[in-house]
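# Report on the structure
Take a look at the letters that make up each chain.
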Amino acid sequence: MFSSRMNPSSLLYGTLEEMHELAFIERPIRRSLKTAEEIDQLTVDEDLNDIERAVYLLSVGQEVQRASVISNLPSLVRQNPAETFRRVVPKVRDILNGSGAEIQLAAAASFLTILQDDIILIHTHTYSILKTVLLHLNHRDTVVSNAWLETLLSAINTLPKETIKQEVLNPLLYQSQLSHSLQARLASCRILGKVSCKLDSHIVKKELLPLARSLCQDVEFEVRASMCRQLETIVRATGVEDVRAEIFSDLIELAADEESSVRLAAFDTIINLMELMDSDDRLHVVVPLVMSVCDESAQMDETVVASLSFQFGKLCSGLADSLSDEQKRNLLQRFKMLCNAGLQAEGNEPDDNNEATLIRCNCCYNLPAMVVFVEPTHFLSELYPSVSGLCCDPDVSVRRSAAASFYQVVKLLSPNVQVVHKELLALLQDDALEVLDALMNHLEETLELIISRGENLTQDNKFPELLSALLLAEQKVGCSLRWRLHEKLLQRYNCLARLLPGELLHQNFSPRIFTILTTNKVLPVQKEAARTFCIFLRYNRKPEQRQEMMGRLLEGLAQGRSYWNRLRFLDVCEMATEIFSRKYFNKHFLIPALELVHDPVANVRYKLCQLLPRFRLSLHLPADKQLLQQLDFCVQKLLCKEKDKDVVATIRKTVLELDKLDLTEPKRQERDLLDQKKEKEETLLLEMEQLERQQSEGKLNSDKHTEKKRKDSKTTLSATKSMSVSSSGATLSSSGKEIRKAKLSRSRSLSSQPTTSKPSNSDRPLKVKELSSSSALGKSPVLQNKEDCLRTTHFTMSTQSTSSMPVLIRCNTTSLLDRSSNLDHRSSTTDHRTSILDQRDHRTSNVDHRSNMMEQRTTTLDHRDHKTSTLDHRDHRTSTLDQRSKTMERVCGVKDSQSRKLSINRKSNSYSVQSERD
């Protein structure tokens, strides 16, 4: 706590001190000013040109002026290369001899720019730069030396072979000796790798390869590691076949070096050279090395393990054909361990280790190669847990790497993409926007693979989850300040118009896009939302929904209370001219846009003036003559009544543009072809919608008609079958009674009514004639055989009746008994055949049942017509069954007459026998 009373002396002392400070500030500081002599030294004659001024400043100028001239050297070379190299470059070379690090770095950067930009084409100028670079390559300052080394490596690309041999190769052989400094030997390693690409293979093998092998055995591990990384370039320059034995033996030895950096360099070089090796080299050189490294990775330095994780996918893909099943399992197990590097067993909590995070990021990078290695069929059992863990990793950088590789994984898993559906939802719902940003790069292709092959998504009710995840991702990005990511996301959502049904798109996404269009304050996001809304509108096939969306645009934007919304409507019109056909645009967008000429806000009229040339291109005479008159009226109104100066200036420029519009034949034909294509697509979308409606309505009507017709046919068939069964049952019962009466008559020995067989024989031809006439309609073979039997019986009975009486008595008695037994047999056969007919009726009912089932499965009108003909055929079958029942009645009637005649004959015979006895 401060005392409430102030000390007057302390207050006075503080005030005096502040006054002294103010007086010190007001005094002029003469020490920072230049004297007149210094000003004269810094003054340059204005009449000098650039080359003369540069020479003057390099000669008598101060160090700051010299550094400025050297930094401006590339522009002098572009203006006048000959004079620059003749007068300025020698001055620069002289200054560099005793200059400091600032001028050295400026000169190295200027020469590097000149060489990289290909400003000079004359090799003599390059040679002059090379002499300067080689002179200062071994500068005592390491930073300056590395700067001149980069300039030399760039100069080697432009130098001819002879110059490299004479000016570069000889100093290289000299500086690579052990007597020189470490910095010189490290530079020799890099120069050696660069020079090997420019020289012939025999020169490299003869002169450079021994030098490279000697540097691989250097006492300093930095030199060994640097030279090891240059061996790849030397091998590619000479060919594997020529240097296989030497290079591979050195690489294997370096892979077992005591320093981890050397082992890492050797391991990376072997993996990079793996594509140049044959199967034997891979099997005997690479595979043992890789397996040993994987076995010892737990004890290795994390830097080596990080390099191993980065090369793991390439390693497995290159060695897939050379590995055994056991080795493949070991590599896969090692990859699973790398995916969990740095994570604790419980809760997957990360350790504070950057190398472990880098290892897991490298595993995400290698996921596509590992999917190929394990094959997509075994993905679920072998690799899915690792992929799921990486997508849900606690570190944001790992999840971002997983999102970047997710599309490649989905592409390889197709068509079994539903396996990673959960991981896609997790990445879409991630809290870190960096993850969503990485996923957006290939979101369109990913959604196309997921939704186009998403039959199982609908069955498993996963489709609504995906839609809600997409909506939540957009809302999350929209609430943030990263408007570029929001713009990218809306651009990727354009593909949903092709992938989702129109109903889902209209219910879920269209309202959200319209909300962004009307409420978002970032102009690029609003324009992208306008484009997305137009695309949704174009691909919507239902007219009522399209009309509803157009009503939203007109009410919410064109007729909105805020001028900002009316400006957005003009942005929508600008997008619509690119997306829709001219016919659709002129019908729905043009007139509301031209009505904004009466808008009270000048910014809206200003925007309209800019769009008038685009609107003019959408008009096609003579069909759009009235619209052209309205556009001309709009232009005249702006010219006559406009008061805002910016709008007046803009409409005058617009009138000039309208006069200069390119309406020539080639341009117009090109635009017409593009417009015809758009109009054809729009017509096709509407026709598809109409066809789907007609098919759905026709399907309902046809189902009702088919059901009604099926019920009617079933009723007719059941009535016919009942009638036929009842008639056949009555006939068979009557015939059974008559047969039993005949058997009783045979057992009797006397009868009091003698008759002859002639009257009965006279009735038989009529019966047979009727039977034959009824069978002439084409009945079954069973009925025809029955008719033949009846005809034979009639013939034998008529012939036997004409013989003598005594013989007739005995013969007829036995024959009649035989005939009665035959008739009994035939009656039983008839019963059997009747049962067969009943079975056929049952089969017919089964056929009817099957045909009814087939009717339910049919869906097209042609099939329904065929069913109608099938029902007619069944009616014909019913009539056939009726004819069969009538024929059976006739057959039973014939049998009854025959049984009566047999009973009469038996009675007559018994009477004759009795008379003879008497």
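Predicted model only: the values in this text are computed from it and were never measured.

## Looking at the overall build of the protein
Counting its regular elements, the protein contains 44 helices and 0 strands. Looking at the protein residue by residue over its 918 residues, the buried ones come to 44%. Within the protein, counting contacts between residues at least 6 apart in sequence, those at least 24 apart form 71% of the total. Approximately 50,200 Å² of the protein is accessible, and the part contributed by carbon and sulfur atoms is 53%.

## Side note on the UniProt feature "repeat: HEAT" (unreviewed entry) in the protein
UniProt annotation of "repeat: HEAT" (unreviewed entry) refers to residues 208-246, 247-281 and 383-421 when read in the numbering used here. Along residues 247-281 one finds 71% helix and 0% strand; the C-alpha atoms at either end are 12 Å apart. Helix makes up 69% of residues 383-421 and strand 0%, whereas the separation of the span's terminal C-alpha atoms amounts to 15 Å.

## Details of the packing of helix α13 (residues 221-238) against helix α15 (residues 260-272)
For the pair α13 and α15, interaxial distance at closest approach is 8 Å and the crossing angle is 5°. One finds that α13 runs roughly parallel with respect to α15. Only S261, V262, L264, A265, A266, D268, T269 and N272 of α15 make contact with α13, whose side of the interface consists of F221, R224, A225, C228, R229, L231, E232 and R236. Looking at the contact of α13 with α15, its residues break down into 8 nonpolar, 3 polar and 5 charged.

## Here we look at the nonpolar core
Membership of the largest hydrophobic core comes to 212 residues, with the highest contact counts inside it found for I191, F509, L553, F589, L612 and F615. If sequence neighbours within four positions are ignored, L553 has contacts with F514, L517, F533, L537, A558, F569, V572 and F589.

## Digging into helix α34 (residues 563-579)
For α34, which comprises 17 residues, the first-to-last C-alpha distance of 24 Å matches the rise-based estimate of 24 Å (1.5 Å per residue) to within 8%. Counting buried residues in α34 gives 13 out of 17 residues, a clear majority hidden from the surface. One side-chain oxygen of the residue at the start of α34 lies 3.2 Å from the amide nitrogen of W564, identifying that residue as S562.

## Some details on the pattern of salt bridges
Side chains that differ in sign of charge can pair as their charged atoms come close. The tally for this structure, following the rule as stated, stands at 30 salt bridges. Across the pair E232 and R236 runs a salt bridge, and its minimum N-O distance is 3.3 Å. One end of the pair, E232, and the other, R236, are both in helix α13, 4 residues apart, so they sit about a helical turn from each other. The partner of R614 in a salt bridge is E574, and the shortest N-O contact between them spans 3.8 Å. Of this pair, R614 sits in helix α37 (residues 602-617) while E574 sits in helix α34, and the two are 40 residues apart along the sequence. The exposure class of R614 is partly exposed, given its relative accessible area of 31%.

## Things to note about helix α17 (residues 302-318)
When the terminal C-alpha atoms of α17 are compared, their 24 Å separation across 17 residues agrees well with the 24 Å that a helix rising 1.5 Å per residue should span. Those residues of α17 lying buried are V304, V305, A306, S307, L308, S309, Q311, F312, G313, L315 and C316.

## Overview of the packing of aromatic side chains
A complete count under the given rule lists 11 aromatic pairs for this structure. Where F111 meets W148, the ring centres are 6.2 Å apart and the plane angle is 40°; that geometry is what we call tilted. Residue F111 is found in helix α7 (residues 101-116), and its partner W148 is found in helix α9 (residues 142-156); the two are separated by 37 residues along the sequence. Residues F379 and Y384 carry aromatic rings whose centres are separated by 6.3 Å and whose planes lie at 75° to one another, so their mutual orientation is edge-to-face. Using a relative accessible area of 2% as the deciding quantity, one classes F379 as buried. Residue Y384 is classed as buried on the basis of its relative accessible area of 18%.

## Brief notes about unusual backbone geometry
Most peptide bonds adopt trans geometry, and most residues besides glycine take a negative phi value. Phi is positive for E375, close to 70°, though the residue is something other than glycine. Note that E375 resides in the loop between α20 (367-374) and α21 (379-382). Judged by relative accessible area, E375 falls into the partly exposed class, the value being 43%.

## Some points on the confidence of the model for the protein
Caution applies to low-pLDDT regions: their predicted coordinates should not be interpreted in detail. In this model, the protein carries a mean pLDDT of 74, and residues with pLDDT of at least 70 account for 67%. Counted against residues more than four places away or in other chains, residues 858-868, with its pLDDT under 50, gives 13 contacts. Throughout residues 901-918 the model reports pLDDT below 50, and contacts reaching past four residues in sequence, or to other chains, amount to 31 contacts.

What counts and how
- Residues numbered from 1 in each chain as written.
- Predicted model: local features only at pLDDT ≥ 70, side-chain atom pairs only at ≥ 80, totals over all residues.
- Heavy atoms only, no water.
- Helix = DSSP H or I, 4+ residues; strand = E, 2+ residues; numbered from the N terminus.
- Buried < 20%, exposed > 50% of the residue type's maximum accessible area, 1.4 Å probe, protein only.
- Contact = heavy atoms within 4.5 Å.
- Areas by Shrake-Rupley, 256 points an atom, 1.4 Å probe, with all protein chains shown as cover.
- UniProt positions renumbered as here; feature names shortened; annotations may be inferred.
- Axes fitted to C-alpha atoms, helices over the stretch in contact; angles between N-to-C directions.
- Parallel < 35°, antiparallel > 145°, perpendicular 65-115°, else oblique.
- Nonpolar A, V, L, I, M, F, W, Y, C, P; charged D, E, K, R; others polar.
- Core = buried A, V, L, I, M, F, W, Y, C linked by side-chain atoms within 4.5 Å.
- Expected span 1.5 Å × (residues − 1).
- Polar contact = N/O pair within 3.5 Å; in protein donor to acceptor, adjacent residues only side chain to side chain.
- Salt bridge = Lys/Arg side-chain N within 4 Å of Asp/Glu carboxyl O.
- Phe/Tyr/Trp six-rings, centres within 6.5 Å; stacked < 30°, edge-to-face > 60°.
- pLDDT = per-residue confidence, 0-100.

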